[in-house]
Every structure is written in C-alpha cells, then in structure tokens.
Amino acid sequence: ADLAAEAAAQGRAAAHAADHALHGLWMQLRCRQMRMMHEACTVYPIEKRSNGKVWAIRDQTLAGIDALKRMDLREEENVSTALGFLTHLVITLAGILEVPLRFAVRDAGSSRSCVRDLHETFDAVAGPAGVAGIAGGARGGAGARAAASPREWPLYYTRDLKKLQFDTALRLLQDALLQFAYSRGQVGEWQCNNNLLECVQLILCREFFGPEAAG
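Definitions and limits used
- Within any chain, residue numbers begin from 1 and follow the written order of that chain's sequence.
- Whole-chain, interface and lining totals are the exception, using all residues; otherwise, since this is a predicted model, local features are given only for residues with pLDDT of at least 70 and side-chain atom pairs are given and counted only at 80 or more.
- Heavy atoms throughout the structure, all of them, feed into the side-chain values; hydrogens and water do not.
- A run of DSSP states H or I qualifies as a helix once it reaches four residues; a run of E qualifies as a strand once it reaches two. Both are numbered from the N-terminal end.
- Any residue under 20% of the maximum accessible area for its type is buried, any over 50% is exposed, and the rest in between are partly exposed; the area is computed with a 1.4 Å probe on protein chains only.
- Any two residues whose heavy atoms approach within 4.5 Å are treated as being in contact.
- A 1.4 Å probe and the Shrake-Rupley method give the accessible areas. Residues count as covered only by the protein chains that appear here.
- Only strands joined by at least two bridges in the DSSP assignment are considered to pair.
- To obtain an axis, a line is fitted to C-alpha atoms, over the contacting stretch when the element is a helix, and the angle between two such axes runs from 0 to 180 degrees between their N-to-C directions.
- The salt bridge criterion pairs a side-chain nitrogen of Lys or Arg with a carboxyl oxygen of Asp or Glu, the two atoms within 4 Å.
- Pairing of N or O atoms within 3.5 Å defines a polar contact, subject to two protein rules: one partner must be a possible hydrogen donor and the other a possible acceptor, and residues neighboring in sequence count only if both atoms are side-chain atoms.
- Given the number of residues in a helix, its expected span is that number minus one, multiplied by 1.5 Å.
- What counts as a ring pair is set by centres within 6.5 Å for rings of Phe, Tyr and Trp (its six-membered ring), and what kind of pair is set by the plane angle: stacked under 30 degrees, edge-to-face over 60, tilted for all other angles.
- For a lysine, the NZ atom is tested; for an arginine, the CZ atom; a charge sits over a ring if that atom is within 6 Å of the ring centre and within 35 degrees of the ring normal.
- Among the buried residues, those of types Ala, Val, Leu, Ile, Met, Phe, Trp, Tyr and Cys that are joined through side-chain atoms within 4.5 Å form a nonpolar core.
- When describing relative orientation, an angle under 35 degrees is termed roughly parallel and one over 145 degrees roughly antiparallel, while 65 to 115 degrees is termed roughly perpendicular and anything else oblique.
- Left-handed is the label given to a crossing in which the near helix is rotated counterclockwise from the far helix by less than a right angle, and right-handed is the label when the rotation is clockwise.
- Ten residue types, Ala, Val, Leu, Ile, Met, Phe, Trp, Tyr, Cys and Pro, are classed as nonpolar, four, Asp, Glu, Lys and Arg, as charged, and the remainder, Gly among them, as polar.

**Q** What is the right way to look at the overall build of the chain in this model?
**A** Each helix and strand in the chain was counted, giving seven helices and six strands. Each helix and strand of the chain, placed in order from N terminus to C terminus, yields the pattern α-β-β-β-α-α-β-β-α-α-β-α-α. Considering the chain as a whole, with its 215 residues, one finds that 39% of them fall into the buried category. Within the chain, contacts between residues at least 6 apart in sequence are counted, and of these 54% link residues at least 24 apart. As displayed, the chain offers around 11900 Å² of accessible surface, 55% of which is attributable to carbon and sulfur atoms.

As structure tokens, then:
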C-alpha cells in the first residue's frame, strides 16, 4: 500500500511538472504572438476618423461595405490601396496566430490585390450565368473542368471590370474575417457596423485585451 501511494504521489508530481512546463511553453508562444501582432499593427496602424463612420489604415480611408458598393471611380485608387493593406495585415495575423483562412490573396499589400475562395467547388465555378471572376474560363464539359480552380475576385475595379466582381471580393473578405473571429473563439455578439477595418480592429482588441474588449 505504501509503495502504491508513493507511486501515485510521484505520478501526480510528474503530471504537475509536465503541466507547468507546457504552461511555460504556451506563455512563451503567446508572448511571441503578441509581440509580432504589435509589430504588424505598427506597420499597418488602424484608426477611426473623427466622424466615427470612416476608418483608415496607414492613412488610407475605408468606408463601410454598403458605401464601397456605391463608390465612385474617382475614389477607387484610395480604396483599393486600403484593401490591399488590409489583406496583407489579415494574412500576416493569420500566420502569426496559425488561423487557416478560407481565402487566398494575390498581390497582398498592393492596390491590385485579388482574393480566391478556397472553398469554391466545381459547381460554383460553373455557377450562375453572367458571374465570372478575372480568370473566367469556359463553362460546360471538359472546358469547365479545366477552369475548376478557384476564380480570382478583384479588390479593386475599373471601367474594364464589372462592379459585381468587386462586390463579390468584398463579401469573401467579410466572410473570411468572420471565420477568423470564430476560429479565435470570438463567437459572441459581433458588431462591426459593416466596416472591414473595424472588424479587424475588434479582432485585434480581443486578442490583446480579452474577449470582452470593444474595438
């Protein structure tokens, strides 16, 4: 009985030591993540402008999604630059926090960035008539299968691109941010007032200050 009690005590001590070591490793990882997120935020600072309706990243303003869908071509360069910065920040944060994103980005950080929905299926590629990404591609039969890789949707638009493509890219980015938040356990009430930068700021605040923090 004494030997059994001693063995049990040793087992508990070993388990406690292992838990303590794992907690120490987790704290080291978390501190490293916090430091790297702070550095990313230094490169891409997000701020709310005085009127409270417009947010900015590196001094490039970005209105809410509803306003972006009505955007004038004269505002396109400023908005597309802000969206390029935003996508670069998001994929950087995803890498730091090891969050799998549902989209891929081409030319992140530039004013001509594009997104691809990694969950897009063959049926989606063959999807509704009149909806085509930049890659386009034939539809039907072998041609549709050859074009079954996810299409690219531009986070910018010009007179040569349909506005619907830009709107689709905004929706994909918004969905990806919501998935990002859920993957980090931020599943409570989610209020971003339809602004993508506000969503990212809220994710960051909750990472830095806890799940109850406001943006």
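**Q** Would you mind showing me how to read the sheet that holds strand E6 (residues 152-154) here?
**A** The strands that make up a sheet pair up through hydrogen bonds in the backbone, lying either parallel or antiparallel. Here we have three strands laid out as an open sheet, ordered E4-E5-E6, and antiparallel in their pairing. Of all the strands in the sheet, the pair left with one neighbour each is strand E4 (103-106) and E6. Taking each pair of neighbouring strands and ignoring which way they run, the sheet shows an average axis angle of 30°. Of the strands in this sheet, E4, strand E5 (114-117) and E6 touch helix H6 (residues 163-183), which is tilted by about 105° from E6.

**Q** When you look at the pattern of salt bridges in this model, what are you seeing that I'm missing?
**A** Opposite charge on two side chains makes pairing possible when the charged atoms of those side chains draw close. Taken as a whole, this structure holds 10 salt bridges when the rule is applied. One salt bridge in this structure joins Glu-76 and Arg-112, with 3.2 Å as the shortest N-O distance. Here the residue Glu-76 occupies a position in helix H3 (residues 76-97), and Arg-112 occupies one in the loop between E4 and E5, the gap between them amounting to 36 residues. Since its relative accessible area comes to 6%, Glu-76 is described here as buried.

**Q** I keep staring at the pairing of E5 and nothing clicks. Help me out?
**A** Sheet topology places E4 next to E5; four bridges connect them, and they run antiparallel. Paired with Val-105 across the strands is Val-115, a residue of E5.

**Q** Whenever I open this one, the side chain of Glu-152 confuses me. Can you help?
**A** Mapping Glu-152 onto the fold places it in strand E6. Among the polar contacts listed, one links the side chain of Glu-152 to the side chain of Arg-106, at a separation of 2.9 Å.

**Q** Honestly, H6 in this entry has me stumped. Any pointers?
**A** Spacing of three or four residues puts side chains on the same side of an α-helix, whose turn is 3.6 residues. Compared with the 30 Å implied by 1.5 Å per residue over 21 residues, the 31 Å span of H6 between its first and last C-alpha is a close match. Looking at the buried side of H6, the elements it contacts are helix H2 (65-68), H3, E4, E5, E6 and helix H7 (196-209).

**Q** Mind showing me how you'd approach the packing of aromatic side chains here?
**A** In this structure the tally under the stated criterion is two aromatic pairs. We note Arg-58 situated over the ring of Phe-85; from NZ or CZ to the ring centre the distance is 5.4 Å.

**Q** How should the nonpolar core be read in this particular structure?
**A** One recurring pattern in soluble globular proteins: nonpolar side chains tend to sit buried together. Of all hydrophobic cores here, the largest spans 44 residues; its most connected members are Leu-62, Leu-83, Leu-86, Phe-180, Leu-196 and Val-200. If you list the elements that add at least two residues to this core, you get helix H1 (2-43), strand E2 (55-57), H2, H3, H6 and H7. Here Leu-86 is in contact with Ile-57, Leu-62, Leu-173, Leu-196, Leu-197 and Val-200, once residues within four sequence places are set aside.

**Q** Which parts of the structure should I look at to understand the packing of H3 against H6?
**A** In a packed pair of helices, the relevant descriptors are the angle between the two axes and the axis-to-axis distance. At their nearest, the axes of H3 and H6 sit 12 Å apart, and the two run at 30° to each other. One finds that H3 runs roughly parallel with respect to H6. Of the two elements, H3 crosses H6, and the hand of that crossing is left-handed. In this structure, H3 contributes Val-79, Leu-83, Leu-86, Thr-87, Val-90, Leu-93, Ala-94 and Leu-97 to the contact, and H6 contributes Phe-166, Leu-170, Leu-173, Leu-177 and Phe-180. For the contact of H3 with H6, a count of residues per class yields 12 nonpolar, one polar and no charged.

**Q** Help me out: how do you make sense of the sheet that holds strand E3 (residues 60-62) in this one?
**A** The antiparallel open sheet is built from three strands, whose spatial order is E1-E2-E3. Only two strands of the sheet have a single neighbouring strand rather than two, namely strand E1 (46-48) and E3. Taken pair by pair, the neighbouring strands of this sheet meet at an average axis angle of 30°, ignoring direction. Summarising the sheet, E2 and E3 pair through three bridges and their orientation is antiparallel. By the bridge assignment for E3, Ile-57 is matched with Gln-60. Strands E1, E2 and E3 of the sheet are contacted by H3, whose axis makes an angle of about 90° with E3. Where H7 meets the sheet, its contacts fall on E1, E2 and E3, and the angle it forms with E2 comes to roughly 75°.

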